[in-house]
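Residue-level structure breakdown
Residues per chain are reported as follows:
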Amino acid sequence: MIEIYAAVLGASIGIAGMSVSGFSRRTSESREAVIRLTAAVESIAGKLEELHQDMKEDLRTIYSRLNEHGNRITVLENKGR
């Protein structure tokens with residue numbers, strides 16, 4: 001009878017050990033996934049910041065040109081009078 005209890009206890013310890021190692025492996029994989037996702041998000045944030053800066057430059061150029069054209073139109077309108 002003691003042999004049965006010893007076998008059950010041994011099997012339980014073995015299963016618990018495998019379960020803990022599986023949990024540890026999953027935790028490690030999860031940690032690596034979080035690191036990869038964080039790096040990807042940081043990369044995207046950097047690219048969005050670059051895009052935002054480019055858009056601001058483009059808007060400045062567009063408004064500058066619109067202002068120049070507006071001034072030219074005003075000059076032409078005044079010459080026609």
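Everything in this summary refers to the structure shown in the same document. For clarity, every value in this text was computed on a predicted model and none was experimentally measured.

1. Re the overall build of the protein chain
Regarding its fold elements, the protein chain presents one helix and zero strands. When burial is assessed residue by residue, the protein chain has 1% of its 81 residues classed as buried. Of the roughly 7,500 Å² of accessible surface on the protein chain, 64% is carried by carbon and sulfur atoms.

2. Quick look at a negative patch on the surface
Taken together, the side chains of Glu49, Glu50, Asp54, Glu57 and Asp58 define an acidic patch exposed on the protein surface. Structurally, Asp58 is set in helix α1 (residues 2-79). Residue classification places Asp58 among the partly exposed positions, given a relative accessible area of 47%.

3. Considerations on a nonpolar patch on the surface
On the surface, a nonpolar cluster with roughly 400 Å² of combined accessible area is contributed by Ile44, Leu48, Leu51 and Met55. Looking at the element boundaries, Met55 is found in helix α1. Here Met55 falls in the partly exposed class, since its relative accessible area comes to 48%.

Cut-offs and rules
- Residues numbered from 1 in each chain as written.
- Predicted model: local features only at pLDDT ≥ 70, side-chain atom pairs only at ≥ 80, totals over all residues.
- Heavy atoms only, no water.
- Helix = DSSP H or I, 4+ residues; strand = E, 2+ residues; numbered from the N terminus.
- Buried < 20%, exposed > 50% of the residue type's maximum accessible area, 1.4 Å probe, protein only.
- Areas by Shrake-Rupley, 256 points an atom, 1.4 Å probe, with all protein chains shown as cover.
- Patch = residues over 30% accessible without salt bridge, like charges linked within 9 Å, V, L, I, M, F, W, Y side chains within 5 Å.
- Salt bridge = Lys/Arg side-chain N within 4 Å of Asp/Glu carboxyl O.
- Lys, Arg positive; Asp, Glu negative; His and termini not counted.
- Charge placed at Lys NZ, Arg CZ, Asp CG, Glu CD.

Structural measurements only, silent on function.
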